[in-house]
Structures are given as C-alpha cells and as structure tokens.
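The lines below spell out each chain.
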Amino acid sequence: MNDILDWLSSYSGPVVFLILLGAGFLFVARTVVQRAVDAAIGARAERGRLQLGRRSAFEERVLTDRYVAFQDLFARIQKVTTTLNGIAHGQRPPDGFYRDLGSGRDIVLLTAVFEDLGTQEPILGRRLHSALDELAQAAIAFANSPDDLDRWETARQDLLVAAEQEFGLSRIRWEELRG
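Residues numbered from 1 in each chain as written. Predicted model: local features only at pLDDT ≥ 70, side-chain atom pairs only at ≥ 80, totals over all residues. Heavy atoms only, no water.

### Some thoughts on the side chain of arginine 66
Keep this limit in mind: Runs of E in the DSSP output that reach at least two residues are strands. Runs of H or I that reach at least four are helices, and both are numbered from the N terminus. Two N or O atoms count as a polar contact when they lie within 3.5 Å, although within protein this holds only if one can serve as hydrogen donor and the other as acceptor, and sequence-adjacent residues are included solely when both atoms are side-chain atoms. Working rule for contacts: check all heavy atoms of both residues, and any pair within 4.5 Å makes them a contact.
Of note, arginine 66 is situated in helix α2 (residues 13–88). Of the polar contacts made by the side chain of arginine 66, one reaches the backbone oxygen of isoleucine 123; its length is 2.6 Å. With residues near it in sequence (within four places) discarded, arginine 66 still touches Ile123, Leu124, Gly125, Leu128, Glu166 and Phe167.

### Looking at the packing of aromatic side chains
In plain terms, the rule: Pairing of aromatic rings covers Phe, Tyr and Trp, the last through its six-membered ring, and needs centres within 6.5 Å; plane angles under 30 degrees mean stacked, over 60 mean edge-to-face, and all others mean tilted.
Enumeration over the complete set of coordinates arrives at five aromatic pairs. Centre to centre, the rings of tyrosine 67 and phenylalanine 167 are 5.1 Å apart; their planes meet at 90 degrees, and the pair counts as edge-to-face. Here the residue tyrosine 67 occupies a position in helix α2, and phenylalanine 167 occupies one in helix α4 (residues 150–167), the gap between them amounting to 100 residues. Seen in terms of ring centroids, phenylalanine 70 and phenylalanine 167 are 5.7 Å apart; in terms of plane orientation they differ by 45 degrees. Their pairing is tilted. Of the two residues, phenylalanine 70 sits in helix α2 while phenylalanine 167 sits in helix α4, which places them 97 residues apart along the sequence. Here the aromatic residues Tyr67, Phe70, Phe74 and Phe167 are joined through ring pairs into a cluster of three or more.

### What about the nonpolar core?
In plain terms, the rule: In plain words, nonpolar cores are sets of buried Ala, Val, Leu, Ile, Met, Phe, Trp, Tyr and Cys residues tied together by side-chain atoms within 4.5 Å. Burial classification: accessible surface area is computed with a 1.4 Å probe over protein chains only, and a residue below 20% of its type maximum counts as buried, one above 50% as exposed, and the rest as partly exposed.
Membership of the largest hydrophobic core comes to 27 residues, with the highest contact counts inside it found for Phe70, Ile77, Leu124, Leu128, Leu132 and Leu159. Broken down by element, this core gets its largest block of residues, 12 residues, from helix α3 (residues 108–144). Beyond its immediate sequence surroundings of up to four residues, leucine 128 is in contact with Arg66, Phe70, Leu159, Ala162, Ala163, Glu166 and Phe167.

### Regarding the pattern of salt bridges
Opposite charge on two side chains makes pairing possible when the charged atoms of those side chains draw close. Put simply, the rule reads: A pair is scored as a salt bridge if a Lys or Arg side-chain nitrogen falls within 4 Å of a carboxyl oxygen belonging to Asp or Glu.
Tallying each qualifying case throughout the model produces eight salt bridges. Taking the shortest distance from any N to any O, the salt bridge between arginine 76 and aspartate 72 comes out at 2.9 Å. With arginine 76 and aspartate 72 both in helix α2 and four residues apart, the pair spans about one turn of that helix. Members of the salt-bridge network, linked through shared partners, are Arg66, Arg127 and Glu166.

Remember, this is a structural readout, not a statement about activity or role.
Structure, rendered in structure tokens:
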C-alpha cells in the first residue's frame, strides 16, 4: 500500500492506474496459467490411471483366457490318452474316435486339439503352446506304440512344470476370513 502512495506522489494518476492494471493482469494471468497447468497435469494423470486400469483388465482377461484354453486342451489330450490306454488293454474305441484316411487312421479328437492349438497359440504363449504340442505329439506316439509311455510321462511332467511357472497355482492358498 505504501508503494502505491509513493507512486502517486512520483507519477501521475493514469500511470499508477496502468501499473496497477498491469499488476492485476499479471496476477490473473498467472492464476489462469497455473490452473490450466494443474488441470492438464490432472487430466494426464487421470488418462494414465485409466489406461493402466484398462491394461490391467486386459491382462487379467488374457490370463483367464490362457488358463481356460490350457485347461481345455490338457483335458482333451488326457481324454484321448485315457481312451488309447483302454484300447491298448482290449476295449473297443468309442464311435467316431477314429476316422479312416485311406492311408491310415486319424484320431478325431486329437486332430481337433491340434487345430485348436494353432488358433490358441497367441493366447497360450510360447511356453504353454510348446508343452501342449509336445503332449499331443506324445499322444500320437502312444497311439502308434502303446508299450512306450516314457515320452507321454515326460511330456506330461514338462507341461505341468510349464503350467506351474505360468500360473503359479501351487502358491494360491485358501485362507479363512477372520472376523
């Protein structure tokens, strides 16, 4: 306030008015710019938070789809080998289990597994896809030579190790809620 009185004694009224008007303009401009910068930073932070949330939801969905695809394919391969084991011990194959190709037989369920392995590869990832493919190949080897179970057992163990590395199911524990 003393500065304004000093200015009035040194300068004319219109000059002091212009100085005060300029100072007011600078104050308002600074406040507007500060709020605009704060709003831009807040909007950017909110966009980042939403993108992380969407990415997290996407990753959760992919992991869920990966587990479902893994479990489905593993169960189907297991069903084929159980049927092959029964055939090796004298049981008749179920209707539609084999399809004659002229040059040999095709195991219909296993062919479907290989088709689905091809389409599910992006979801399964390299490790699970490779392990499931090896297990399906071991099922073919078992169909051709039922006495040799070593490849099947090795492939099955390798698949279980890959699944544990991928999903960490053994680390999931049920804990009682305590009141």
